[in-house]
Amino acid sequence: MSLQLFSTLFINGLAMGVVYAMLAMGLILLIRAVGILNFAQGEMFMFGAYISAALILDFHLPFFAMIPVAMISFIIVGLIFMFTIYWPLRKASYAATTIIATMGAAIVLRELAVLIWGAMPRSMPPLMQTPEGGAAILNIGGTPLPWQFVLIIIVGAALMLLIYLLFEKLYIGKLMQAACQNSYAANLIGIPTILTIAATYSIVSILVSVGGYMVSPIFTVNNTLGTMQLQAFAGVVIGGFGNIKGAIIGSLLVGLIEVFSTINFSAYRDVSVFLVLIVVLLLRPQGLFGEKIADKA
């Protein structure tokens, strides 16, 4: 394998790994802060791509105006999801009720996307374009790298770092997690749990929706984009449930395995990922960085 081919595959795999990591990080944040596994995470990712496409292709908003409108839209989607799926069922006697509800929500969101935007896939322009309108290429040492993949790595890494610092290092982030996990104690000391849970859902919605927007120029925008959640689940399991660092590293590994497996087994790229997942489960069931998740109060 030539160095040029290796570099190209590595950047492509790293970029896809970052996309999976954004989905996986959102999953872990909801597990740790709210105590549920959201099976509709991929569909929120898909909605981020559709909303971005609508703002750019239908409303023709310039970039500086599209970003704040998109962020507000992402937050609204996250809050609607919270108040229609999680909040009414948060005290259900059957523990799996909310999880099952998210499965149903995933189907509803896929069909809703078709009703709103139609069944035809939509093509998004790349963030960096040539004068002719094509995808811009970054040349490093004679190796051509698509700018879109480079931007995914930069933007995704920056966003995940900010959220990691918020939840793991800052007092307000730990307060949000504690308030969500023990609402009774939080209410006793005057912390409105509804606001902390809403903030968590808003942050997760922004994270995964930005991922959908960043990846939309690479793939067509359609209601099957949410299937990328499967690779994110694999990354979470490989890294270890409940561990943000593990979920990110596991997702990066999934992206690299997926891309490099195309060299000799292009038709079995997904098989390669889940084969590695099975091996990890056999040798280390708790994942590479697994830790016990605290029970939801």
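Figured I'd write up the structure that's included with this text. (Residues numbered from 1 in each chain as written. Predicted model: local features only at pLDDT ≥ 70, side-chain atom pairs only at ≥ 80, totals over all residues. Heavy atoms only, no water.)

Time to look at helix H3 (residues 63-86). Taking 1.5 Å as the rise per residue, H3 with 24 residues should run 34 Å; its terminal C-alpha atoms sit 33 Å apart, in good agreement. Turning to H3, its buried residues number three or more, namely Met66, Ala70, Phe74, Val77, Gly78, Phe81, Met82, Ile85 and Tyr86. As for H3, its buried residues are in contact with helix H2 (41-58), helix H4 (97-117) and helix H8 (193-215). (Helix = DSSP H or I, 4+ residues; strand = E, 2+ residues; numbered from the N terminus. Expected span 1.5 Å × (residues − 1). Buried < 20%, exposed > 50% of the residue type's maximum accessible area, 1.4 Å probe, protein only. Contact = heavy atoms within 4.5 Å.)

Here we come to the nonpolar core. Among the nonpolar cores identified, the biggest contains 87 residues, and Tyr201 and Met228 are the most heavily contacted of them. At 18 residues, helix H1 (residues 3-33) tops the list of elements feeding residues into this core. With near-sequence residues (within four places) excluded, Met228 lies in contact with Met16, Val19, Tyr20, Leu23, Phe45, Val215 and Phe219. (Core = buried A, V, L, I, M, F, W, Y, C linked by side-chain atoms within 4.5 Å.)

Right, let's talk about the side chain of Glu168 for a bit. With respect to the helices and strands, Glu168 occurs in helix H5 (residues 147-168). A polar side-chain atom of Glu168 sits 2.9 Å from a polar atom in the side chain of Arg32. Beyond its immediate chain neighbours, meaning those up to four positions away, Glu168 contacts Arg32, Lys174, Gln177 and Ile244. (Polar contact = N/O pair within 3.5 Å; in protein donor to acceptor, adjacent residues only side chain to side chain.)

Here strand E2 (residues 143-146) shows a buried face lined by Thr143 and Leu145 and an unburied face lined by Pro144 and Pro146. Bridge analysis of strand E1 (residues 137-140) against E2 gives four bridges, and the strand direction is antiparallel. Residue pairing in the sheet places Leu138 in a bridge with Leu145 of E2. The antiparallel pairing of E1 with E2 creates a hairpin that spans two residues between the two strands, and Gly141 there sits at a positive phi of about 60°. (Pairing = 2+ DSSP bridges.)

The backbone of His60 sits at a positive phi, close to 55°, despite the residue not being glycine. Tracing the sequence through the fold places His60 in the loop between H2 and H3. Using a relative accessible area of 60% as the deciding quantity, one classes His60 as exposed.

A word on the environment of Asn243. Note on placement: Asn243 falls in the loop between helix H9 (229-239) and helix H10 (244-260). With relative accessibility at 13%, the residue Asn243 sits in the buried group. Residues Asn243 and Arg110, 133 residues apart in the sequence, show an inter-C-alpha distance of 29 Å. A polar contact is formed between the side chain of Asn243 and the backbone nitrogen of Lys245, at a distance of 3.0 Å.

Moving on, we come to the environment of Thr8. Turning to its location among the elements, Thr8 is positioned in helix H1. Placed 214 residues apart in sequence, Thr8 and Asn222 show a C-alpha to C-alpha distance of 26 Å. Excluding residues that lie within four positions of it along the chain, Thr8 makes contacts with Thr143, Pro144 and Leu145. One polar contact links the side chain of Thr8 to the main-chain carbonyl oxygen of Gln4, over a distance of 3.0 Å.

The subject of this paragraph is the environment of Ala157. Relative to the assigned elements, Ala157 resides in helix H5. Its relative accessible area of 36% is what places Ala157 among the partly exposed residues. Separated by 61 residues in the primary sequence, Ala157 and Ala96 place their C-alpha atoms 32 Å from one another. Beyond its immediate chain neighbours, meaning those up to four positions away, Ala157 contacts Val18 and Ile152.

Tallying each qualifying case throughout the model produces three salt bridges. Between Arg110 and Glu43 there is a salt bridge, and its shortest N-O distance comes to 2.9 Å. Here Arg110 is found in helix H4, whereas its partner Glu43 is found in helix H2, with 67 residues between them in sequence. Residue classification places Arg110 among the partly exposed residues on the basis of a relative accessible area of 27%. Using a relative accessible area of 3% as the deciding quantity, one classes Glu43 as buried. Close ionic contact of Arg122 with Asp58 constitutes a salt bridge, the shortest N to O distance being 2.7 Å. (Salt bridge = Lys/Arg side-chain N within 4 Å of Asp/Glu carboxyl O.)

Spatial relationships are all this shows, so hold off on functional conclusions.
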